[in-house]
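Close look at the chain arrangement
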Amino acid sequence: MVINKEWSVLTIGDGDLSFSRSIFDNFQPKKLTATVLDSVTELTNKYGSENLDYLQQQRDGALSLVDCQVITEFDITNSDNIHQLTKEYDLVIFQFPLVPNFTSQNEFQQHTQADELPLSINTINRRLLRLFLVNSFDYLLAEDGAQLAYISSKDVKPYTEWDIEYSLTKSSLTQLPEFSCVGTMPFVIEQFPGYKIRNVDRDKHVKDTASLTYVWTSNKNRDVALELLPTMNPLPTLFGELGCDICHAGPFETEQEKISHLAGKKHKRMSEYEVQWQGYLLSL
Ligand SMILES: C[S@@+](CC[C@H](N)C(=O)[O-])C[C@H]1O[C@@H](n2cnc3c(N)ncnc32)[C@H](O)[C@@H]1O
């Protein structure tokens, strides 16, 4: 992951704050704002307060060169929360995003109905990531800054079924995102000593599965970003009629190969997710 010392960095949904602490210790950016969805009490009950205390001490310590701040109860989908911050960041990072588990049928219903449209878990995770990107580019990333948003995610199902690279920037009737995914980098945890990837709700360290960091930038900053991050891997090629863009498959050599793909289980499942996602985008 590329993090420049000159940058102002904002982390979103940082479970136990060990990722932000590792950025503070090992990268020393100009500014670091670390946010978590949980309240102080929830965070402390789940993981203890060691990282929170550490970052708050750095904020208060006169010796620190990093302008460091921690915000709890920060929901990246909530506009009141977002407006606590200003459009001053170079880089916004969301590590291993996942919507929290629902504790009741009532809560599940609240989160899975958008204007009467029932949403699947796949769609509400895509919605979380789209709102993270839209809000980052609209309200958090400085116009004259590096203009980068990173999402790290495991390279296995169900996360790969979110079609992170392509689905999040599709246009809706009212929104045409002016940013796009420009590539991926392998996520190398050894770059972040002390970082423990946390489960969404429990004090468990998640298994180290191969993971990717996806990179977005504004369309006008694309060339600068590609120059800044020259080792990024390109996105999977889409082949249109010659392949299947929903599954990133192809090019098919024969008509029979295409027919078999379209009849397969994976394609059927991905098509259902795509239809659900299009339904959500149309409802915006
Ligand atoms: C799998 S955990 C990963 C935690 C942490 N980022 C890490 O890498 O260890 C998913 C995280 O996403 C956060 N999250 C889910 N929805 C969120 C939202 N609307 N705003 C901010 N964070 C959110 C959860 O609080 C949870 O900590």
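Remember, predicted model here, so these are calculated numbers, not experimental data.

Sheets are built from strands paired through backbone hydrogen bonds, the pairs being either parallel or antiparallel. Overall, mixed pairing links the seven strands, which are arranged S3-S2-S1-S4-S7-S9-S8 in an open sheet. For this open sheet the edge positions go to strand S3 (67-71) and strand S8 (179-186), each flanked by a neighbour on one side alone. In this sheet, adjacent strand axes meet at a mean angle of 20 degrees when their direction is disregarded. Here strand S4 (residues 91-95) runs beside strand S7 (residues 148-154); their pairing, made up of five bridges, is parallel. Note on S7: the bridge partner recorded for Phe 94 is Ile 151.

On to the packing of helix H9 (residues 255-263) against helix H10 (residues 265-283), then. One way to put it is that H9 packs onto H10 with a least axis distance of 5 Å and a crossing angle of 60 degrees. Viewed along their axes, H9 and H10 adopt a mutual orientation that is oblique. Counted together, His 261, Leu 262 and Ala 263 of H9 and Lys 265, His 267 and Lys 268 of H10 form the full contact between these two elements. Classifying every residue of the contact of H9 with H10 gives two nonpolar, two polar and two charged.

In this structure the tally under the stated criterion is zero disulfides. Residue Cys 244 stays outside any disulfide, its sulfur separated by 3.7 Å from that of Cys 247, the closest cysteine. Taking relative accessible area as the criterion, Cys 247 reaches 7% and is therefore assigned buried.

The next subject is the site of the ligand. Neighbouring residues of the ligand: 19 residues in total, closest Gly 13, Asp 75, Gln 95, Tyr 195 and Arg 198. Gly 13 places a main-chain nitrogen or oxygen 2.8 Å from a nitrogen atom of the ligand. For the ligand, a nitrogen atom lies 2.8 Å from a polar atom in the backbone of Gln 95. Burial of the ligand by the surrounding chains reaches 95%, relative to a free accessible area of 580 Å². Looking at the shell around the ligand residue by residue, the classes come out as eleven nonpolar, four polar and four charged.

Moving on to the pairing of S4. Here S4 lies mainly inside the structure; five of its five residues are buried. Taking every second residue as pointing to the same face, both faces of S4 are buried, with Leu 91, Ile 93 and Gln 95 on one and Val 92 and Phe 94 on the other. With four bridges joining them, strand S1 (residues 8-12) and S4 adopt parallel strand pairing. Looking at S4, one finds that Leu 10 is bridged to Val 92.

What follows concerns the domain arrangement of the protein chain. Looking at the protein chain, the domain boundaries give domain 1 (8-235) and domain 2 (236-284). Between domain 1 and domain 2, the C-alpha centre-to-centre distance is 28 Å. Across the boundary between the two partners, domain 1 contributes 24 residues, which contact 17 residues of domain 2. Carbon and sulfur atoms supply 60% of the area buried between domain 1 and domain 2, which totals about 1800 Å² over both sides. By the criterion of area lost to domain 2, the three top residues of domain 1 are Arg 126, Glu 161 and Tyr 166, representing 25% of everything that side buries. Applying the counting rule to domain 1 against domain 2 returns three salt bridges. Linking Arg 126 and Glu 274 is a salt bridge whose minimum nitrogen-to-oxygen distance equals 4.0 Å. If you list the elements that add at least two residues to the side of domain 1 that touches domain 2, you get helix H6 (121-140) and helix H7 (164-167). Classifying every residue of the side of domain 1 that touches domain 2 by side-chain character gives seven nonpolar, eight polar and nine charged.

About the criteria used
- Residues numbered from 1 in each chain as written.
- Predicted model: local features only at pLDDT ≥ 70, side-chain atom pairs only at ≥ 80, totals over all residues.
- Heavy atoms only, no water.
- Pairing = 2+ DSSP bridges.
- Helix = DSSP H or I, 4+ residues; strand = E, 2+ residues; numbered from the N terminus.
- Axes fitted to C-alpha atoms, helices over the stretch in contact; angles between N-to-C directions.
- Parallel < 35°, antiparallel > 145°, perpendicular 65-115°, else oblique.
- Contact = heavy atoms within 4.5 Å.
- Nonpolar A, V, L, I, M, F, W, Y, C, P; charged D, E, K, R; others polar.
- Disulfide = S-S within 2.5 Å.
- Buried < 20%, exposed > 50% of the residue type's maximum accessible area, 1.4 Å probe, protein only.
- Near = heavy atom within 4 Å.
- Polar contact = N/O pair within 3.5 Å; in protein donor to acceptor, adjacent residues only side chain to side chain.
- Areas by Shrake-Rupley, 256 points an atom, 1.4 Å probe, with all protein chains shown as cover.
- Domains from an automatic or database assignment.
- Buried area = accessible area lost by both parts, 1.4 Å probe.
- Salt bridge = Lys/Arg side-chain N within 4 Å of Asp/Glu carboxyl O.

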